[in-house]
Amino acid sequence: MRDLLTVYIPLEATALSLGADEVAVAILKEAASQGRDVEIIRNGSWGMSWLEPLVEMVTPKGRVAYGNMTADRVADLLKGECADLCLGLTADIPYLKSQDRLTFGRCGLIEALSLSEYQDNGGFVGLKKALEMTPQDIVTQVTDSGLRGRGGAAFPTGIKWNTVLGAGSDQKYICCNADEGDSGTFADRLLMEGDPYCLIEGMTIAALAVGATEGYIYLRSEYPLCKQILDEALLNARAAGWLGKNIKDSGKDFDIEIRMGAGSYVCGEETAMLESLEGKRGMVRAKPPLPALHGLFGKPTVVNNVLSLASVPIIMAKGADYYRNFGMGRSRGTIAFQLAGNIARGGLVEKAFGISLRELIEDYGGGTHSDNSLKAVQVGGPLGAYLSENDLDLPMDYEAFAEAGAVLGHGGIVVFDDSVDMAEQARFAFEFCAIESCGKCTPCRIGSVRGAELMAKIQAGAAENLPLMKELCEVMESGSLCAMGGMTPIPVLSALQKWPNDFGAKP
Amino acid sequence: MDTRDNSRPDRAAWDQDEARRIITRCAALKGGLMEALHGIQGAFGYIPAESYDMLADAFNLSGAEVYGVKSFYHDFRDTPAGHHVIKICQAESCQARGSRLLTAHVEKLLGIRLGETTANERITLEPVYCLGNCAVSPNITINDKLYGRMDEDRLEGLLGKLG
Ligand SMILES: Cc1cc2nc3c(=O)[nH]c(=O)nc-3n(C[C@H](O)[C@H](O)[C@H](O)COP(=O)(O)O)c2cc1C
Ligand code: SF4
Ligand code: FES
């Protein structure tokens, strides 16, 4: 028997954007020309994005990683002459080894679409347990885990589910928010591309918990690869009896459809998402009524972020206590941080709450990519505060961030070096709000346009407009229906407060 | 494996039967108007005005309501794009890695601004707000294919290879 070469190459957007397919083709060609048999396994990404394409060779000792592989190094790789790119055993890479991989435990490890690998690595254990439990017991277990929504608002997931469970209705829905519009975030995508069955399992458990039979994944159109992978995962899950009618002979029905967004940021807001799912303009609805009671097509609906849902299988499999023993204060469990912007080692870091921003940026991220000094960090997406070097010791905890006037949001961390002009960032915050506003309320729709104009004047030297700009921020904060208009002042005012010089203001 | 390549798929001329097939399929879906709009744009490259009445009929709406939905979303086009569509990410993470300079460079190179199409209808340049590839910013797409860690030289090289 000839020796078989087994190589892992991620089928994941970042890896592809840096040439993973070209590497795969080169490996096939090179192996053929050497007369060697090769098996290429397309796994998800481990989340060490700065090393993509990260290729792994299977050896008797385990999987050995090679970072930043290129097609023209493939010949060296197959000859064993690629020591300069070798990172040793993947499992021993410190960036990965030191994480608390609960939700992302299989991401990178398995071939994303292999049901057997999914099950060999703990998949469907949680769902099997849930199939034996009462809806109330499932809800209680999720509540006891302390899980809070990972989409931004950090609302306790179990409490939301309990409301939907208690609502009487002939029809209930599970809607997965996969709109992931925040700049600096990509964890939902990594999970869906690298471990799609985990999301399907989480949504199915949610359905059992509240008595829903239909589910939707609202996926942003910028994620076409996710769509392909999820489509195939849904087909496979259905064929294997994990989805559809009479799931695994339980007498329970649940199925999932994917619906694509169309480039609107505000459609990530849950009620705008529901409108969009109904085929309408993505206009934000006034709350109450809560979506939990009056959601999709007016029916009780669970709306959860991808990662909230994908955290449920392990909570069911290992118990509420296992999960809640990670974390600090009222922030229980783990959260997927995403290191982005001007950072040397960008990628995904899943850690228990409580780690400091500095540890994430310096120890994991390796500081700025440019090697210039760090000036600002925006955490929690475009509506999140700009933080400075002085804030880096903040623990990553919902309450600690709220106290500092900041938000953790979906865990995105965007680093800027000293070349950034914070007045321009403030102007952009208004501009982005103007582009994405759903238009329902005047402070947001008109205020954002005025804000951008005022900022342009301030940038041109007319600092006397600052008081007016601050007043406008107050109006937007108090007079907006949703966080789009209501939180746009956060990045603006945090930038002004911390870097007044950039605004031409006296500090 | 990623089979999307760099060339724009051939866009069909308006075909009423094809449009009707797409719309009928989507009308069976709950809230299917968005899917129908995606389907129409997928087939024709934009939302031809001829499709409004058909969509309105199928979804029991007025033509104005259909237009209202279409116009809410950045993705849906009123007119065909250029032969190639280049999107440059304008959101914060890419800003932190030089997307503003990159954008200015491409605008100068092509002689158009973001949101415009070259006079020969060859290239449309558009902004996009986060492609979810922020760990390796700045990012662009060319005809929906994503490229990470973009810089001026590489982008010029890619432009040169476009048909
Ligand atoms: C402007 C705006 C955009 C939002 N975008 C997203 C998003 O892309 N993904 C997401 O999960 N939640 C987003 N949210 C939060 C949702 O409204 C909602 O809180 C969340 O989907 C609930 O799920 P969770 O409890 O699991 O977090 C957004 C909110 C606002 C105001
Ligand atoms: S704040 Fe802005 S986005 Fe939110 S409802 Fe009002 S207009 Fe729409
Ligand atoms: S901000 Fe450009 S890809 Fe996310």
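Our subject is the structure that appears above.
Quick look at the structure, then. (Residues numbered from 1 in each chain as written. Chains lettered and ligands numbered in written order. Predicted model: local features only at pLDDT ≥ 70, side-chain atom pairs only at ≥ 80, totals over all residues. Heavy atoms only, no water.)

### Observations concerning the environment of Gly241(A)
All names here are of chain A.
- Looking at the secondary structure, you find Gly241 in the loop between α11 (224–239) and β8 (255–260).
- Assessed through its relative accessible area of 22%, Gly241 is described here as partly exposed.
- Taking the C-alpha atoms as reference points, Gly241 and Ile229, separated by twelve residues in sequence, lie 18 Å from one another.
- Once you skip the residues sitting within four places of it in the chain, Gly241 turns out to touch Ile247 and Lys248. (Helix = DSSP H or I, 4+ residues; strand = E, 2+ residues; numbered from the N terminus. Buried < 20%, exposed > 50% of the residue type's maximum accessible area, 1.4 Å probe, protein only. Contact = heavy atoms within 4.5 Å.)

### A short note on the interface of chain B and chain A
- In this assembly, 40 residues from chain B lie in contact with 73 residues from chain A.
- Here chain B meets chain A over a buried area of about 4,100 Å², counting both sides, of which 53% is carbon and sulfur.
- Broken down residue by residue, the surface that chain B buries against chain A is led by Lys30(B), Phe72(B) and Glu92(B), which jointly contribute 17%.
- The interface formed by chain B and chain A contains two salt bridges.
- A salt bridge links Lys30(B) to Glu214(A); its shortest N-O distance comes to 3.0 Å.
- Taken together, the connections running from chain B to chain A amount to 29 residue pairs in polar contact (both at pLDDT 80 or more).
- Of all the secondary-structure elements, those providing two or more residues to the side of chain B that touches chain A are α2 (33–44), α4 (63–72), α5 (92–95) and β4 (145–147) of chain B.
- Taken together, the residues that form the side of chain B that touches chain A break down as 19 nonpolar, eleven polar and ten charged. (Buried area = accessible area lost by both parts, 1.4 Å probe. Salt bridge = Lys/Arg side-chain N within 4 Å of Asp/Glu carboxyl O. Polar contact = N/O pair within 3.5 Å; in protein donor to acceptor, adjacent residues only side chain to side chain. Nonpolar A, V, L, I, M, F, W, Y, C, P; charged D, E, K, R; others polar.)

### Looking at the site of ligand 2
- In the vicinity of ligand 2, 13 residues are found, and the nearest of them are Cys438(A), Lys440(A), Cys441(A), Cys444(A) and Cys482(A).
- For the shell around ligand 2, the per-class residue count stands at eight nonpolar, four polar and one charged. (Near = heavy atom within 4 Å.)

### A word on the pattern of salt bridges
Residues and elements named next belong to chain A.
- If you walk through the whole model with that rule in mind, you get 36 salt bridges over all chains.
- Across the pair Asp170 and Lys299 runs a salt bridge whose closest N-O atoms are separated by 3.1 Å. A residue pair is termed long-range when its members are at least 10 positions apart, and Asp170 in the loop between α8 (157–166) and β6 (173–178) and Lys299 in the loop between α12 (270–277) and β9 (301–305) qualify at 129 residues.
- Here Asp170 falls in the exposed class, since its relative accessible area comes to 67%.
- Where Arg450 meets Glu453, a salt bridge forms, and the shortest distance between an N and an O atom there is 3.2 Å.

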